[in-house]
Each structure stands twice: as structure tokens, then as C-alpha cells.
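Architecture and fold: a report
Spelled out from the first residue to the last, the chains are:
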Amino acid sequence: MNFFRKFTVIHVLIIPCCVVNYVTPEDNLDIPSIAKYFNTKGRYEEVNPHLLKDILAVNTSILQPPSAQCQPFHLTAIIRHGTRYPTSKNAKEMQHLYNMVLHNATGEESWLREIQSQWRMWYTEDMDGRLVQKGVEDHKHLAIRLSKLFPSLISEEKLRGGFIKFITSSKHRCVNSTLSFKAGLTELWAITDKEFDHEVNDALMRFFDHCPRFVQEIDQNPTALSEVDKFRHGPEMRRVTEKIADSLRVPYNTINDDMAEAGFYLCAYELAIKTVNSPWCQLFDEVDAQVMEYANDLKQFWKRGYGYDINSKSSCILFHDVFNRLKRAADENKSGQQVTEAVTVQVGHAETLLPLLTLLGFFKNNGSITSTNYATQTQRSFRTSHMLPYAANLLLVLYDCGAGELRLQALLNEKPVTFPGLSDQQASMPRYEDVKDNYSELLQGCDFETECQLFKSPA
């Protein structure tokens, strides 16, 4: 099967479905109080609130190399696509809720009257997760910020010289995000005389589709997410659906967990796409939003995270690709050659990033999150609202600190994160050799073909 394709020019398709008014920070944004609980539907600005004041702001002091001698010579960036429209499934569920509210809800609350008399359902199934204009801006702005954070790596000279490589998932939202990232750089440097290729590689960026064991045991197995189903039919979620029914003055059996999720998504999409505090947000208070966030975290935990071993092992192919690239860059640097791939930008999905973050051991709780331990998980590490907003990114940066010492820094969403399992006081920028030692079992094993084969024999 051919997973590799080259693209030169692709035109971005943005569906002109509605008039969207983008609000600048000077307009004093009215952000819903529940915005920080939107999981993978959240804005990048909720994770980095300082960007609301200046979308191009960077703080180079966060890099903190152990000495001024340390200079970056390679950057790998694995990035989620930007803000997108709802999928067909989400749009259908939101339409169902809207129809019910329009025809059955009663009450005199101003927000409910606004939904029934002014708000119009503009989400359609044919939008199907396509990138929105805000998603284009997400990647343009990220490209500019990274060029400011790492000016010696992401530079016009490096781009023109072919030292920056672009790889993407075949999904339209990822291809268009990649085009947007490139446009951010070419517009920044006013490059009009040259175009830059990108490679479509689903084997790397959609590895989960090509792992038979994951597909059979998790993705297509209705029992794999039993903990999610139990929680969605449990007492915490029931309190949320009953409160929504009370707000709309409809019978309790009118509102189920899918409709609650649809309302939550309506609030999230309206903020992410249109920068508005939608009347739909009034269906939820902060306690409700925490329950909705937990339900979605449960799904991610059991389908893409620590719930099952194959979730993370399906990313072995991407793990080895990243570390092989780091090794090539380190070897070239050591031999005094110019590093041929100074920067690699790889654009994929939340489902690309989360298994890899899990394989690397980031955001691991003590024990599993389950349908019955919601009350004890308020301080959990595994929180996708913090980890995986639109345009989420994992950066791995190699530094040469002189005398043959190389160091590796990891940043998630432009903030340093500490490699799990490393006790070095410089754990935020440990020695490259220590990182390799830390992941030696994975580097020696973690074979994608072996892990992903069906009916794998017990170890």
C-alpha cells in the first residue's frame, strides 16, 4: 500500500456557510466560564490565555538552557490541525437538540428566548470537520510564534534551503492546516517566488487506521468503552441531564446524555469558531461542565490513552520515526555536517498526539480513571482540555551545549514539560543520552508490525 504522496499546490476549501465576526482582544471578550472544560473542542487560547492580548506573543525565557552555550540545531513539531467545523455526527446531534428546544422547550429566560427566536442552526452535516478560518489563523500564528521562539531554526534561509520538512495526514483539515502553517512563514518573509512541498503520510499521522489490533480490539469493539457508557448513564451525568430538562421545562426522559453532549458542543463550537458566548452555554454551570469534561476524558483515556496498552503501542511507528530523526540530526551535528532536516513539521490529529504522549509517559495518573471514581479525580493529570486543544503541539528540540553534550527539550503547547522518569535537576532539558536511556525498552522494541498484529500472543 502506498502511504506516501507529494503535494505542491492545494487550494484551501473553507465552506462559506455563514457570516463570522471575529472579535479582537480589545473588544473585551465575553468568554463562557465553562470554556476551560471543552476537552478537544477547546481553543488554544484557553491553554495559553496571554495570546488573547497578543496572538503572536512568545516568552523565550521559558526555554532556559543550562548554559548560554546551548544552541538549538533541530526541532520536531507534531501538531494537531486547527479549529474545525463539527463532524457530520456532531452536526446531526446538535440539529436534533435544536429542533427539540425550538418546538418543546418552554420558559421565559432570556437566553432560551434568544435560542428560539434569534439563533439559527447553521451547522450542517456536509461541513464534516473541515478547517474553519480560525483554524487557518491558528496555524499561521503558531508558525510565526515558533519562528520567534527558534529564529535560528525556523528562518527564511532554512525554508528556502529545503531544511524544513512538512508532513501531514491526508484529511482535508490537516492538509489545510499544513498549508496555513507554510503560509504563515511565507507571508512573514514575503516569499512569493517559491512554493514548498509537503508529504502526505497516513502511515505516520493516522497510524491508528493501519493497526489491525487497535481497530479490532478498541475502535470497533463496543465493549472497549464500557467505562464511558457506565459513566454516561450514571448518577453524575443524570444530574446534568435533569438540570438541562429543568432549564428547558421538558420531561426528564426528553434529555439523554447525547443531547447533553450536543448542547456542550454547541457552546464550544460557537466560542471556537465565532468567538461568541452562545446562549447554549447557559445550559451548563461549572459543576455540569466538569462532569461533561470527565465523560470526554474517560473516552480519550480508554480509546487513545492509558486504558489499553495497544492505544499507545499503535504509535510505535511514529515514536521510532521521531527518534530516528533525532538520531540523524545528532549524528550530523556531531560529525560537523550541516543538519539536513533542521525542522520537521508533522500535522495530524488529537488521535495522533495522545497515543504518543501516552507512550512517552506524560500525564499519567496513579491508577485508571473509571466510571466510579469521578469524585477522586478532580486533580487528575490526564485532562485533555489542557493537553489537546485545537492546534495542540508537541515540540522536541535538540541542543548542542558544547564539549559533545547534547540536550533535548520537550514542550507541549509552547510550555516546557518534564520527561517522565528523569530525576535530573535539568529534567526539563535533560541530556539527550539520558532520554534515550529512559526510553531504551521502547527504542529496542515497540515494533509496530508486531504490536498491531491480530491475536498477539501474551508476552
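Heads up: the structure comes first, above all this text.
The notes below deal with the structure included here. This structure is a prediction, so every number in the text was calculated from the model and none was measured.

Considerations on unusual backbone geometry
Negative phi values dominate among residues other than glycine, just as trans dominates among peptide bonds. The phi dihedral of Ala190 falls on the positive side, at around 50°, and the residue is not glycine. Secondary-structure assignment places Ala190 in the loop between helix H6 (172-188) and strand S4 (198-201). Unlike most non-glycine residues, Glu414 shows phi in positive territory, near 70°. Assignment of secondary structure puts Glu414 in the loop between strand S7 (406-412) and strand S8 (415-417).

Digging into helix H11 (residues 257-274)
In an α-helix, one full turn covers 3.6 residues, which means residues spaced three or four apart are oriented alike. Between its terminal C-alpha atoms H11 stretches 25 Å, which fits the 26 Å expected from 18 residues at 1.5 Å a residue. Along H11, 17 of the 18 residues are buried, which leaves the element largely enclosed by surrounding structure. The backbone nitrogen of Asp258 lies 3.1 Å from a side-chain oxygen of the residue at the head of H11, namely Asn256. Downstream of H11 by a residue or two, Thr275 has a phi angle that is positive, lying close to 60°.

Remarks on the nonpolar core
Judged by nonpolar contacts, the single largest core of 108 residues is most densely connected at Val101, Tyr123, Leu248, Trp280 and Phe419. Top contributing element to this core by residue count: H11, with 12 residues. The residues contacting Tyr123, other than those within four sequence positions of it, are Pro86, Met94, Gln95, Leu266, Tyr269, Glu270 and Ile273. The next biggest cluster of nonpolar side chains, apart from the first, holds 35 residues, and it includes Cys70, Ala77, Phe196 and Val345.

What about the pattern of salt bridges?
On inspection of all chains with the given rule, the structure shows 31 salt bridges. A salt bridge links Arg43 to Glu46; the shortest N-O distance between them is 2.7 Å. Accessibility expressed as a relative area gives 21% for Glu46, which makes it partly exposed. With its nearest N and O atoms 2.8 Å apart, the salt bridge here joins Arg206 to Asp209. The class of Arg206 is buried, set by a relative accessible area of 13%. Given a relative accessible area of 40%, Asp209 falls into the partly exposed group. Through salt bridges with shared partners, one network takes in Arg232, Asp257, Asp258 and Glu261.

What about the environment of Ala35?
Along the chain, the position of Ala35 falls in the loop between strand S1 (4-7) and helix H1 (44-47). In the structure, Ala35 is positioned 242 residues away from Asn277 in sequence and 9.4 Å away in space, judged by C-alpha atoms. Other than its neighbours up to four places away in sequence, Ala35 contacts Glu46 and Leu271.

Thoughts on the state of the cysteines
Tallied over the full model, the rule gives four disulfides. Each sulfur in the disulfide pair Cys70 and Cys401 lies 2.0 Å from the other. Judged by the sign of its S-S torsion, about 115°, the bond between Cys70 and Cys401 is right-handed. Placement of the pair is Cys70 in the loop between H1 and strand S2 (71-80) and Cys401 in the loop between strand S6 (393-400) and S7, with a sequence separation of 331 residues. Take Cys70 and Cys401: they sit in the same class, and that class is buried. Disulfide partners in the chain, listed by the sequence order of the bonded cysteines, are 1-6, 2-8, 3-4, 5-7. Cys174 takes part in no disulfide bond, and the closest cysteine sulfur to it belongs to Cys211, at a distance of 19 Å.

A word on the packing of aromatic side chains
For the structure shown, the criterion picks out 24 aromatic pairs. With a centroid separation of 6.2 Å and 70° between ring planes, the pair formed by Tyr265 and Tyr269 is classed as edge-to-face. Placement of the pair is Tyr265 and Tyr269 together in helix H11, with a separation of four residues, close to one helical turn. Like Tyr265, the residue Tyr269 is buried in the burial classification. Pairing Phe301 with Phe382 gives two aromatic rings, centres 5.3 Å apart and planes at 85°, and the pair type is edge-to-face. Residue Phe301 is located in helix H12 (residues 286-303), and its partner Phe382 is located in the loop between helix H15 (350-359) and helix H16 (384-387); the two are separated by 81 residues in the primary sequence. Through a chain of ring-to-ring contacts, three or more aromatic side chains come together here, namely Phe319, Phe323, Phe362, Phe363, Phe419 and Tyr439. Here the basic side chain of Lys41 rests over the ring of Tyr265, its NZ or CZ set 4.5 Å away from the ring centre. When the ring centre of Phe208 is taken as reference, the NZ or CZ atom of Arg304 above it lies at 4.9 Å.

What to know about the side chain of Asn373
Secondary-structure assignment places Asn373 in the loop between H15 and H16. Overall, Asn373 belongs to the buried group, its relative accessible area being 16%. For Asn373, the side chain forms a polar contact with the side chain of Tyr294, separated by 2.7 Å. A distance of 2.8 Å separates a polar side-chain atom of Asn373 from the backbone nitrogen of Thr370. Contact partners of Asn373, with chain neighbours within four places excluded, come to Tyr294 and Ser368.

Definitions and limits used
Residues numbered from 1 in each chain as written. Predicted model: local features only at pLDDT ≥ 70, side-chain atom pairs only at ≥ 80, totals over all residues. Heavy atoms only, no water. Helix = DSSP H or I, 4+ residues; strand = E, 2+ residues; numbered from the N terminus. Expected span 1.5 Å × (residues − 1). Buried < 20%, exposed > 50% of the residue type's maximum accessible area, 1.4 Å probe, protein only. Polar contact = N/O pair within 3.5 Å; in protein donor to acceptor, adjacent residues only side chain to side chain. Core = buried A, V, L, I, M, F, W, Y, C linked by side-chain atoms within 4.5 Å. Contact = heavy atoms within 4.5 Å. Salt bridge = Lys/Arg side-chain N within 4 Å of Asp/Glu carboxyl O. Disulfide = S-S within 2.5 Å. Phe/Tyr/Trp six-rings, centres within 6.5 Å; stacked < 30°, edge-to-face > 60°. Lys NZ or Arg CZ within 6 Å of the ring centre and 35° of its normal.

Limitation: the analysis is restricted to geometry and does not speak to function.
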